[in-house]
Amino acid sequence: MHRTHHCNELRAAHIGQAVTLEGWVNRRRDLGSLIFIDVRDREGMTQIIIDPAASPEAHKAGGDVRPEWVLRVRGTVRSRGQQVNTHMATGEIEVLAAHVEVLSTCPTPPFPLDGDEESDDLRLQYRYLDLRRPRLREAMRARHLITQAVRTYLTAQGFWEIETPILTKSTPEGARDYLVPSRVHPGHFYALPQSPQLLKQLCMVSGLERYFQVCRCFRDEDLRADRQPEFTQIDIEMSFASQDDVFAVTEGVITAAFAAWGREAGAPFARLSYQAAMETYGTDKPDLRYELPQVDVTDAVRGCAFQAFKTVCEEGGRVKAMRVPGGATLSRREVDELGKAAAALGAKGVLAAKFLPTGEKQSPLAKSLTDAEWQAITAATGAEAGDCVLFVADKAPLVHQALGAVRTSVAERLGLAKPGTYAFAWITDFPLFSFDKEENRWVSEHHPFTAPHEEDLAFLESDPGRVRSSSYDLVVNGIELASGSVRIHRRDVQERVFKILRLTPEETQERFGFFLDALQYGAPPHAGIAPGLDRLVMLILGRSSLRDVIAFPKTQKAADLLSGAPSPVRAAQLDELHISITKE
């Protein structure tokens, strides 16, 4: 009576065999004397027919079953004859039941288990039922195959999978840590790792040379559709490696992951500097499935009669333009909506110029620009009859970002980002620092262990904003999939970076003393990267939310609706941890 086959396995070649199946009732149809039951397991579905003439006992048991009951069915495989179901892999056959055993009953589920919609709060509360849906079951299988393909590829490339601690030291620099109180060390706390950054670098100092880990990470930050408080990343670190070495390995990882689900990634990937990405697309995460580049037309309109452009130019700002092929059909309302995308970032709005087939320009700028100025704009943008050119004028970098937001909005409106296509790009040479006006100090653009460009080391103290980092992001379809860098492997350079970040010697020693000590013991040059596994699976499957590819996700408020976490704990537990909660 043990299961002999999964519910997707039986074919015409099995006709006449005695088999035992186990699974859930997907659907039951009672046609009077005959009962048909579709039995489903993880792998697929098989139709069971119960005939009282063949087995009165089985017919009696089958008369009571309902959807989602768990059954064990023993019977004989037979042909469906002319009733073949072409929509089922097992559609040529059915199993004539000789014995039906009810292993478990089930009340009516609180929602249908056959839809393709995204999981809502009710489905998250009953996630163990939601996971029975084909859509989510497929995602779990895909995640397994993709993860195994990544492990196989990296092992073949000489990497060792090494586990690093979950309970570690709090070294906050960026997102907030999740803290774990220590019972045996009153008043002291562990932190759940935001990433194994320092530990994987210590693996390089240890001489392990090539490390990877499919690891859990935790960040206490505001959530979005593509963020979760706990997530999984494919952590990679390499000694004696250049940026190009990391790119080659990562492209192999992505190619293997895509191939595991029958997709092509299209390596090698495009490369674009941060500065070029911002100037051309207005973002460091450009969606390259479509073009719509922005161009600088400041010089073309510097002396024009249009006061808004003239003022921006005089104040050192920029005027940028973007050609929308066929955009002359955009309505005034649609242009106003595009302006809202720019205004949301702080820009004053968008000006449009429609290039009509008659040669006229339909625009508030029409009478304010000379023929020579229009010719310069046309030459810069490549605008033709039937196109629309959109303008934004402001100071950099706001002008880049605002027109970049307009670009994204135009693409959504015109359907330019085709589903099922992938456009990867490496974004390189980010600034090492950005200036935080609220804190009045320099902060790391990525993290403080990123190496500066060797030729920019001389500007570390004198002009931090000029220093480029040896960091890189892998972007696909406008989404950051991975981030990494060449690391600082010299203690003196690392200490200089900490000083620029305004960490006192005491703070540096308290937070990172163990790491600085390690750097002086023969640390090799090393580099790494960490693609997000959750996002990778989401992209490969074409899903829009991480909820669809994680077995037990949290809500956007970081709540686990299934278990009710986070939740209060008993006073006795708090006493053991030497913690008291003060209520206002």
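Residues numbered from 1 in each chain as written. Predicted model: local features only at pLDDT ≥ 70, side-chain atom pairs only at ≥ 80, totals over all residues. Heavy atoms only, no water.

What about helix α10 (residues 332-343)?
Keep this limit in mind: Helical segments are the DSSP runs of H or I of at least four residues, strand segments are the runs of E of at least two, and each set is numbered from the N terminus. By definition here, a helix of n residues has an expected span of 1.5 Å times n minus one. Buried residues are those whose accessible area, probed at 1.4 Å on protein chains only, stays under 20% of the maximum for their type, while exposed residues exceed 50% and partly exposed ones sit between those limits. In this context, the arc is that of the directions from the helix axis out to the C-beta atoms. By the convention used here, residues are in contact when the closest approach between their heavy atoms is within 4.5 Å.
With 12 residues, α10 should cover 16 Å at 1.5 Å per step; its first-to-last C-alpha distance of 16 Å lies within 8% of that length. All of the buried residues along α10 are Val335, Leu338, Gly339, Ala341 and Ala342. Mapping the buried residues of α10 onto a view down its axis gives an arc of 150°, with all of them on the same face. Exposed side of α10, more than 90 degrees from the buried face: Arg333 and Lys340 are the residues found there. Against β14 (351-355), β16 (388-394) and α12 (398-414) lie the buried residues of α10.

Quick notes on the pattern of salt bridges
Rules: By salt bridge we mean one thing: a side-chain nitrogen of Lys or Arg within 4 Å of a carboxyl oxygen of Asp or Glu.
All chains considered together, the criterion is met by 43 salt bridges. With a shortest N-O distance of 3.2 Å, Lys320 and Glu279 are connected by a salt bridge. Taken together, the residues span a long stretch of sequence, with Lys320 in strand β13 (residues 318-324) and Glu279 in helix α7 (residues 274-281) at a distance of 41 residues. Residue classification places Glu279 among the partly exposed positions, given a relative accessible area of 21%. With a closest N to O distance of 3.1 Å, Lys340 and Glu337 form a salt bridge. Here Lys340 and its partner Glu337 are both found in helix α10, 3 residues apart, which amounts to about one turn of the helix. Classification of Glu337 by relative accessible area gives partly exposed; the value is 32%. One connected set of salt bridges, linked through shared partners, spans Glu117, Arg123, Arg127, Asp130 and Arg133.

Digging into unusual backbone geometry
With an omega of 0°, the peptide bond between Ala267 and Pro268 qualifies as cis. Summarising the element assignment, Pro268 is placed in the loop between α6 (243-259) and β11 (270-273). Following Ala396, the chain continues into Pro397 via a peptide bond in cis, with omega recorded as 5°. Along the chain, Pro397 falls in the loop between β16 and α12. In this structure, Phe240 is a non-glycine residue whose phi angle is positive, near 55°. For Phe240, the location among the structural elements is in the loop between β10 (230-239) and α6. Residue class for Phe240 comes out exposed when judged on its relative accessible area of 57%. A positive phi is found at His578, a non-glycine position, where the angle reads about 60°.

A closer look at the environment of Phe36
Secondary-structure assignment places Phe36 in strand β2 (residues 35-40). Once the C-alpha coordinates of Phe36 and Leu129 are considered, the two residues, 93 residues apart in sequence, prove to be 23 Å apart. Phe36 has contacts with Arg27, Arg28, Arg29, Leu31, Gln47, Ile48, Ile49 and Glu94, leaving out every residue within four places of it along the chain.

Considering a nonpolar patch on the surface
Definition in use: Residues enter patches when their relative accessible area tops 30% and they take part in no salt bridge; the joining distance is 9 Å for like charges and 5 Å for the nonpolar side chains Val, Leu, Ile, Met, Phe, Trp and Tyr. Surface accessibility in these figures is a Shrake-Rupley result with a 1.4 Å probe; residues are shielded only by whichever protein chains are displayed.
Nonpolar side chains collect at one region of the surface, where Tyr128, Phe552 and Leu562 lie side by side and expose about 300 Å² of accessible area between them. Here Phe552 shows up in the loop between α15 (533-541) and α16 (571-576). Overall, the relative accessible area of 48% leaves Phe552 in the partly exposed class.

Concerning the pairing of strand β20 (residues 471-476)
Put simply, the test is: When DSSP finds two or more bridges between a pair of strands, those strands are recorded as paired.
Taking burial as the measure, the 6 residues of β20 include 6 buried ones, the bulk of the element. Of the two faces of β20, both are covered, the one formed by Ser471, Asp473 and Val475 as well as the one formed by Tyr472, Leu474 and Val476. In the sheet, strand β17 (residues 424-428) pairs with β20 via 5 bridges, with the strands oriented antiparallel. Bridge pairing links Ala425 to Val475 in β20.

Things to note about the sheet that holds strand β1 (residues 18-30)
Our working rule: Angular values range over 0 to 180 degrees, each being the angle between N-to-C directions of two axes fitted as lines to C-alpha atoms, with helices fitted over their stretch in contact.
The strand order around the closed barrel formed by 5 strands is β1-β2-β3-β5-β4, and the pairing between neighbours is mixed. Looking at each pair of strands side by side, their axes are set apart by 55° on average, direction ignored. Pairing of β1 with β2, which is carried by 6 bridges, proceeds in the antiparallel orientation. Looking at β2, one finds that Arg27 is bridged to Asp38.

Thoughts on the packing of α10 against α12
Let me state the cut-off plainly: Roughly parallel means an angle under 35 degrees; roughly antiparallel, over 145; roughly perpendicular, 65 to 115; everything else is oblique. Left-handed describes a crossing whose near helix is turned anticlockwise from the far helix through less than a right angle; right-handed describes the clockwise counterpart.
At their nearest, the axes of α10 and α12 sit 8 Å apart, and the two run at 140° to each other. Considering their axes alone, α10 and α12 lie oblique with respect to each other. In this structure, α10 crosses over α12, and the sense of that crossing is right-handed. Where α10 abuts α12, its residues Glu334, Glu337, Leu338, Ala341 and Ala342 lie against Ala402, Ala405, Val406, Ser409, Val410 and Arg413.

Some points on the packing of aromatic side chains
The condition is simple: Here is the rule: rings of Phe, Tyr and Trp (six-membered ring for Trp) pair when centre to centre is within 6.5 Å. Planes less than 30 degrees apart are stacked, more than 60 are edge-to-face, and the remainder are tilted.
Applying the stated criterion across every chain, the model contains 17 aromatic pairs. Between Phe309 and Phe391, the ring centres sit 5.9 Å apart and the planes meet at 50°, which makes this aromatic pair tilted. Here Phe309 is found in helix α9 (residues 307-314), whereas its partner Phe391 is found in strand β16, with 82 residues between them in sequence. As far as burial versus exposure is concerned, Phe309 and Phe391 are alike and both buried. Each ring, one from Phe449 and one from Phe498, has its centre 6.3 Å from the other, and the planes form 90°; the classification is edge-to-face. Of this pair, Phe449 sits in the loop between β19 (441-444) and β20 while Phe498 sits in helix α13 (residues 491-500), and the two are 49 residues apart along the sequence. Like Phe449, the residue Phe498 is buried in the burial classification. Ring pairing ties together the aromatic residues Phe258, Phe269, Tyr422 and Phe424, which thus form one cluster.

Side note on the environment of Asn440
Within the secondary structure, Asn440 sits in the loop between β18 (433-436) and β19. In this structure Asn440 touches Phe435 and Arg502, once residues within four positions along its chain are discounted.

Observations concerning the pairing of strand β22 (residues 526-531)
Within β22, 6 of the 6 residues are buried, which leaves the element mostly enclosed by the surrounding structure. Side chains His526, Gly528 and Ala530 project from β22 onto one buried face, and the interleaved Ala527, Ile529 and Pro531 project onto a second face that is buried too.

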